[in-house]
Amino acid sequence: MKRSILLFGILGLFVIIACSNIKADNISKTVITEASYTDTESNTLSEDFKKYWYNGTAEISSYQLEQARYGEIRKGTSVLIFVTEDFLPNEQVKADQNSSNNIPVLKLNATKKFNTGIYPYSIMQSTFYPVSDNRHAIKVSSSMQEWCGHVYAQLNNRDEFEIMSHSYFQNEADQEFKIDKAILENELWTKIRINPSNLPVGNKMIIPSLEYSRLRHKEIKPFNAKCSLQKNDVTSTYTIEYPELKRSLSITFTTKFPYEIESWTETFKSGYGSNAKELTTTATKIKQIKSAYWGKNRNKDEVLRTELGLQ
């Protein structure tokens, strides 16, 4: 009798373990198919989009930068890194595991490096934009380091836009506040890469990039803007003009998929007091590669930086 009970228990345990494994395996297969390529609220992604953005690599583009700062043009470099990943909707961070609740996003890490006299600037902005192209970016963050100190700002898309900002400047020190949702300048760079035909045109309320707001010490809020899209056979240019800020941004990209960003210009008043003048920041592409860069971390891989013109 005891032997029968023991045998039955072992068999029952085997069945439970076996069913659990089968169930987990089915979930895994479903997630790989759906969470990696579609969004429950989106249209089906094109085969070209899947082949380009879901092949296990990121797109890395380097640019020769001429950055306006303190009333002068500074030479430097900029890099745009676009890559797809799954994002957690509540925690609003990259997902470590597959789940049907994950939101597929196109992430942009945009960096700038330039010197102002003796000391260097390092700027990075991260934008997490749903590939469904039917809502605002889920999250935008920006960090800036230079010898005077560092600044960090983050926007989370929840019921409202929740903003946290930290700075070494007294008037911007530690802030947490909410604002009504509006178009984000940061998200428009990723929107170009998914479907530029959906770019907003005409008079719109737009929140300028976190980089601009922090560099120019402007309140993070929507400003009236005039948006236009000029299409040509080879390249197209999207322009945003902010009358109140006396600032304009133009992004030039290839007219055909994958809508690669070739260059951009940004015009605004730079400097303070009598040194202030209207200047134009420009960025022109040096090189573009596709690479799983997160695995290229050995000394021998520095050759890729040379290829990108970053050495």
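Look above for the structure.
How each quantity is defined
Residues numbered from 1 in each chain as written. Predicted model: local features only at pLDDT ≥ 70, side-chain atom pairs only at ≥ 80, totals over all residues. Heavy atoms only, no water. Salt bridge = Lys/Arg side-chain N within 4 Å of Asp/Glu carboxyl O. Helix = DSSP H or I, 4+ residues; strand = E, 2+ residues; numbered from the N terminus. Buried < 20%, exposed > 50% of the residue type's maximum accessible area, 1.4 Å probe, protein only. Phe/Tyr/Trp six-rings, centres within 6.5 Å; stacked < 30°, edge-to-face > 60°. Lys NZ or Arg CZ within 6 Å of the ring centre and 35° of its normal. Pairing = 2+ DSSP bridges.

1. Some remarks on the pattern of salt bridges
Tallied over the full model, the rule gives 13 salt bridges. For the salt bridge of Asp-133 with Lys-191, the shortest nitrogen-to-oxygen distance reads 2.8 Å. Here Asp-133 is found in the loop between strand S4 (119-130) and strand S5 (139-146), whereas its partner Lys-191 is found in helix H3 (residues 185-194), with 58 residues between them in sequence. When sorted by exposure, Asp-133 lands in the same class as Lys-191, which is buried. A salt bridge links Arg-247 to Glu-266; its shortest N-O distance comes to 2.8 Å.

2. A closer look at the packing of aromatic side chains
Here the structure, examined in full by the defined rule, presents 17 aromatic pairs. Aromatic side chains Tyr-52 and Trp-53 sit 4.9 Å apart centroid to centroid with 80 degrees between the ring planes, which places their arrangement in the edge-to-face category. Both residues of the pair, Tyr-52 and Trp-53, count as buried. Seen from their ring centres, Tyr-119 and Tyr-121 are 6.1 Å apart, and the 35 degrees between their planes marks the pair as tilted. What makes Tyr-119 buried here is its relative accessible area of 18%. What links up through ring pairs into an aromatic cluster is the set Phe-49, Tyr-52, Trp-53, Tyr-54, Phe-82, Phe-257 and Tyr-259. Over the ring of Tyr-52 we find Lys-290, and its NZ or CZ is 3.7 Å from the ring centre. Across from the ring centre of Trp-53, 6.0 Å away, lies the NZ or CZ of Lys-290, which sits over that ring.

3. Quick look at the pairing of strand S14 (residues 261-270)
Looking at chain direction, strand S13 (residues 247-254) and S14 are connected through 6 bridges and run antiparallel. Directly across from Ser-248, in S14, lies its bridge partner Thr-267. Counting the residues between successive antiparallel strands, the hairpin from S13 to S14 contains 6 residues, one of them, Tyr-259, with a positive phi of roughly 55 degrees. Pairing between S14 and strand S15 (residues 277-291): 8 bridges, direction antiparallel. Across the sheet, the residue bridging to Thr-267 is Thr-280, located in S15. Joining the antiparallel neighbours S14 and S15 is a turn of 6 residues, in which Gly-271 adopts a positive phi near 100 degrees.

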